[in-house]
Each structure stands twice: as structure tokens, then as C-alpha cells.
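These are the residues of each chain, in order.
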Amino acid sequence: MGLQQFERRLERLVEGVFAKAFRGGLQPVELGRRLTREMDAHRSIGVRGTIAPNAFAFALAPADLGRFESFADALTRELADAARDHARSEGYGFLGPVEVTLEPDESLTPGMFLVSGSVKEAAGGGAVGSLRLSDGSRVVVTDRPVTIGRMAGSDVVLTDESVSRRHAEVRRVGSDIVLVDLGSTNGTKVNGSGIRERRLNDGDEITVGTTTMRFEAS
């Protein structure tokens, strides 16, 4: 499922001016397929379950990297999402945020590429996760709580009048990531149910006012 979603997103990505870059030569979806195989090949069993690599370095022929240059940032984001989707479908966990880099390698000829995947622990060794917002952006949960509310300076600023100035926080608590309602007027929901405090699981839908965001354990 993850690779199918990845391919559909790539189709939208390469519409119009980008389409010329994909007429022959290395196809970005090949990177996605190799990435998921790297995850499968190097997964391991840890105290938190099955752990997969979360840091991926691709070495590409300079000519191929040049073809991707104009949308390299979007491509690395899509590859990272493909890793998250594959981890979710296979029940893999990560010890740190997903990172993808593309680098040139003069020893490679067009169409050839290498990838190495490694397990890179999050700073401080705590639980990892991020909030996926409706516009596709992410807010990574670190040692500092992620604040949600109408107040300027919040990590997630919502202009909805039904949202309190200091509405909720997402915090690391040991090996868990927890959502805490800060006494908001209209409450906070997870998967449609009101909460005061709740440990978040991968894929949980958080609703604050009229805004819904998704928690992803990566």
C-alpha cells in the first residue's frame, strides 16, 4: 500500500514542467522500492518491537541527481513518507525521525544508485513522533513539548475561535508520547473521543476545534 501511495504522489509531483525529467533514465519510484527493501533487510528486534532503519543515504550518478535537482526537496519528503507508510503497514518502529539524503557519486553511471540505511537514535534517546498537519507539514516532537493553541508563538497556531489560547500539548513521557489537554474550553479529541491526557499511538487523529491532525510515530 505504501509504495502505491508513493507512486500516486510521484505522478502528481512530476506533472507539467517536471515530466521531462522522467523520460527514460532512473525513475524515482525505483528509489522508493529500494528504500523499502533496505528497511526489510535490516530490521531488527528490540525492546520496543521490530525496529527498522530510519536514516537513508542515496548515492546517485551526477547526471541523475541533476535531473532531480529542481524538486529534490519534494522527492526526499516523498521518500521519507514512503518509509513511514511501509513501517506502518509492516508494524516497524523507528528510534529517531526519518531522514533521507541524496548525494552524487562520480563512480556511478546514469541509472545506477546505492542506498545505505541505518538506525539513528533521536536526540536524548526518547520516544519519537511528529504531528502531520492538514497542509502536509510536520511538527516533530522533541524534548520540548509541542504547544497547540491560538496564542502566537505556539508550535501549532490555530485561528479558530473555538480553540483556547493554550489548548493542548504533546509531550515526551519516558518511552511514550502523550497528548495533554490544558484545561481548554471546548476540549481535545483523539479518534473522536474527548481526552484529558492520552498516550498517542501511530495514526491517531487529534481534533482541536475544527482542525484535525495525525500523530505519526516517526
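As shown above, the structure is provided for reference.
Below: a short report on this structure. Computed from a prediction, not measured in an experiment: that's the story for all the values here.

1. So, the side chain of asparagine 54
Piece 1. Here asparagine 54 shows up in the loop between β2 (49–51) and β3 (55–60).
Piece 2. At 2.9 Å, the side chain of asparagine 54 forms a polar contact with the backbone oxygen of proline 97.
Piece 3. Beyond its immediate chain neighbours, meaning those up to four positions away, asparagine 54 contacts Phe94, Gly96, Pro97, Val98, Glu99, Ser118, Val119 and Lys120.

2. A word on the nonpolar core
Piece 1. Ranked by size, the top nonpolar core spans 24 residues in total, and within it Leu31, Met39, Phe58 and Leu60 carry the most contacts.
Piece 2. Contributing elements (two or more residues each) for this core: α2 (28–41), β3, α3 (62–68), α4 (72–90), β4 (99–104) and β5 (113–118).
Piece 3. The biggest single contributor to this core is α4, with six residues.
Piece 4. Ignoring sequence-local partners within four residues, the contact set of phenylalanine 58 consists of Leu31, Leu35, Leu79, Val100, Thr101, Leu102, Glu103, Phe113, Leu114 and Val115.
Piece 5. Core analysis: the second largest hydrophobic core is formed by 20 residues, Ala127, Val141, Val163 and Ala168 among them.

3. Observations regarding the pattern of salt bridges
Piece 1. Inspection of the entire model under this criterion finds 15 salt bridges.
Piece 2. With a closest N to O distance of 2.3 Å, arginine 214 and glutamate 216 form a salt bridge.
Piece 3. Classification of arginine 214 as partly exposed rests on a relative accessible area of 26%.
Piece 4. Residue classification places glutamate 216 among the buried residues on the basis of a relative accessible area of 1%.
Piece 5. If you follow the salt bridges from partner to partner, you end up with Asp81, Arg84, Asp85, Arg88, Arg132, Arg138, Asp202, Arg214 and Glu216 in one network.

4. Remarks on the sheet that holds strand β9 (residues 156–157)
Piece 1. In space, the five strands of this open sheet follow the order β9-β8-β10-β11-β14, with mixed pairing throughout. What marks the edges here is a single partner per strand, and that holds for β9 and β14 (197–199).
Piece 2. As judged from the three bridges shared by strand β8 (residues 146–149) and strand β10 (residues 168–173), these two strands associate in the antiparallel manner. Pairing of threonine 147 across the sheet is with glutamate 169, part of β10.

5. Observations regarding α4
Piece 1. Here α4 is 19 residues long and its end C-alpha atoms lie 27 Å apart, about the 27 Å a rise of 1.5 Å per residue gives.
Piece 2. The buried fraction of α4 amounts to 14 of the 19 residues, a majority that puts the element mostly inside the structure.
Piece 3. After α4 finishes, the residue glycine 91 shows a positive phi value of roughly 75°.

6. Some remarks on the environment of aspartate 73
Piece 1. Relative to the elements of secondary structure, aspartate 73 occurs in helix α4.
Piece 2. Through-space distance from the C-alpha of aspartate 73 to that of threonine 101 is 9.3 Å; in sequence the pair is 28 residues apart.

Conventions adopted
Residues numbered from 1 in each chain as written. Predicted model: local features only at pLDDT ≥ 70, side-chain atom pairs only at ≥ 80, totals over all residues. Heavy atoms only, no water. Helix = DSSP H or I, 4+ residues; strand = E, 2+ residues; numbered from the N terminus. Polar contact = N/O pair within 3.5 Å; in protein donor to acceptor, adjacent residues only side chain to side chain. Contact = heavy atoms within 4.5 Å. Core = buried A, V, L, I, M, F, W, Y, C linked by side-chain atoms within 4.5 Å. Buried < 20%, exposed > 50% of the residue type's maximum accessible area, 1.4 Å probe, protein only. Salt bridge = Lys/Arg side-chain N within 4 Å of Asp/Glu carboxyl O. Pairing = 2+ DSSP bridges. Expected span 1.5 Å × (residues − 1).

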